[in-house]
Amino acid sequence: MKDKLRVGVVGIGRGSMMISYCEKAEHAELVAICDKWEEGLNRSKKQHGDRIAYYTSYDEFLKHDMDVVVLANYANEHAPFAIKAMKAGKDVISEVLPVQCLAEAVELVETVENTGREYCYLENYCYMPAPREMRKLYRDGLIGEIQYAEGEYVHNCEPIWPSITYGERDHWRNNDYSTFYCTHSIGPMVHITGKRPTKVVAFEHPFSDMHARMGATGGLFGLEILTLDNGAIFKSIHGSLYKNSIWYTIYGSKGRMESAREDALQGDISHLYINANKEETDYSQEGCRFENYYPSDEFTEKAKEFGHGGSDFYSMYNAIEWIRGNKSADRIDVYEALDMFLPGLFGYFSILAGNIPMDIPDLRDKSVRDRYRNDRRCTDPKVAGDQLLPPNKDGMPDIPDAVYERIRNIWLGK
């Protein structure tokens, strides 16, 4: 196993967490940073000094002597950056999302297979305290076989919209559809249970006054009803409702476990509730494990230095460990990453088709890939070309330039 991996990070915004991790970790060393934002790079130079190389060109960055590329650039651009990095002989750790269309998904999978490089997906919500513990307990058989589950990632971004979109009309966040950013709600259930979503029917709330104020063109939020490969049913909701919520619950054949809701004032996602019997036919109180607690392990205190309930630490730690050669590390591979994303994409196909069920392909199966090799349906005009989709089921709303000017002025502090 390698003692220490040389890591390069793309993106100094979200990437600041990965940069901080590598500077503190014993098994990783930060050697290069890449960002098209030159002013931001200059700030990084003042903070980190000349021991790190800085690049505005991704192609030049890839020539640097390093083992791993961490992608924390725009969420709709991870696939082409990952593909280029692996073809350049680098392993990849990718932030959310893995791809934005099926053609990218096919190319990403085949690049992983053909290059033999490692790919790790940083769906950090899988590593929050409660979901992390739920995975362990589910795999130990605590609640039996999953029958029903729910996942929520509701995030009202209006207060922070200027700082994450800069008043840019064509920013990806302003053009994504209601079920695009789905892996925070779907990902933990896939990772906990190991089950693959096979069918989806989805719904969206229409374009709203909130999004009109923000300059976002998609529906307010999306909801997917998924069928898993064992027949279980899973409801996922994510988007911009006014009050935030991160919450997961799983019903199994002999019990239930769930995280705390924010309004319960029990540490949010950190607190876990368990109600499970030893046998499927045992309904007694005596045979029931009924408890609630804050899950912890040997890394809990160290993880508190990082964001998202410590999950930023665990996601990076496991990815680095896996690439170093520790195959017991809890990483998310490219196939599982697509199991988390494709329900949102096919959910949007369902919405546009009038909320009809859609089968979700398994791209592990090489025989199905040719069907999607040239499928670039998405809401990004640079990628979709003549396959461009509208950002919501009712089409492209008319948003005045003044909205984006106001957002930009707030970002600039005017």
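Before reading on, note that the structure itself is shown above.
Residues numbered from 1 in each chain as written. Predicted model: local features only at pLDDT ≥ 70, side-chain atom pairs only at ≥ 80, totals over all residues. Heavy atoms only, no water.

Once that is clear, we can look at the packing of helix α1 (residues 15–24) against helix α12 (residues 311–324). Interhelical geometry of α1 versus α12 gives an angle of 60° and a closest axis separation of 10 Å. In this structure, the crossing between α1 and α12 has a hand that is right-handed. The residues of α12 that touch α1, namely those facing Met17, Met18, Tyr21 and Cys22, are Asp312, Phe313, Met316, Tyr317 and Ile320. Across the contact of α1 with α12, the residue classes break down as eight nonpolar, no polar and one charged. (Axes fitted to C-alpha atoms, helices over the stretch in contact; angles between N-to-C directions. Helix = DSSP H or I, 4+ residues; strand = E, 2+ residues; numbered from the N terminus. Left-handed = near helix turned anticlockwise from the far one by under 90°. Contact = heavy atoms within 4.5 Å. Nonpolar A, V, L, I, M, F, W, Y, C, P; charged D, E, K, R; others polar.)

Evaluation of the coordinates by the stated rule reveals 35 salt bridges. A salt bridge links Asp91 to Arg117; the shortest N-O distance between them is 3.1 Å. Remark: Arg117 occurs in the loop between α5 (102–115) and β6 (119–121) and Asp91 occurs in strand β5 (residues 91–94); sequence separation between them is 26 residues. Residue Arg117 is classed as partly exposed on the basis of its relative accessible area, which comes to 27%. (Salt bridge = Lys/Arg side-chain N within 4 Å of Asp/Glu carboxyl O. Buried < 20%, exposed > 50% of the residue type's maximum accessible area, 1.4 Å probe, protein only.)

A few words now on α12. An ideal rise of 1.5 Å per residue puts 20 Å on 14 residues; α12 measures up with 20 Å between its terminal C-alpha atoms. The element α12 is extensively covered by neighbouring structure, given that 13 of its 14 residues are classed as buried. Positive backbone phi, at 125°, marks Gly325, one or two positions downstream of α12. (Expected span 1.5 Å × (residues − 1).)

On to the pairing of strand β11 (residues 245–252), then. Burial within β11 is extensive, with six of its eight residues counted as buried. Here strand β7 (residues 146–154) runs beside β11; their pairing, made up of eight bridges, is antiparallel. Bridge pairing in β11 links Ala149 to Ile250. Pairing of β11 with strand β12 (residues 255–259), which is carried by four bridges, proceeds in the antiparallel orientation. Looking at β12, one finds that Tyr251 is bridged to Arg256. (Pairing = 2+ DSSP bridges.)

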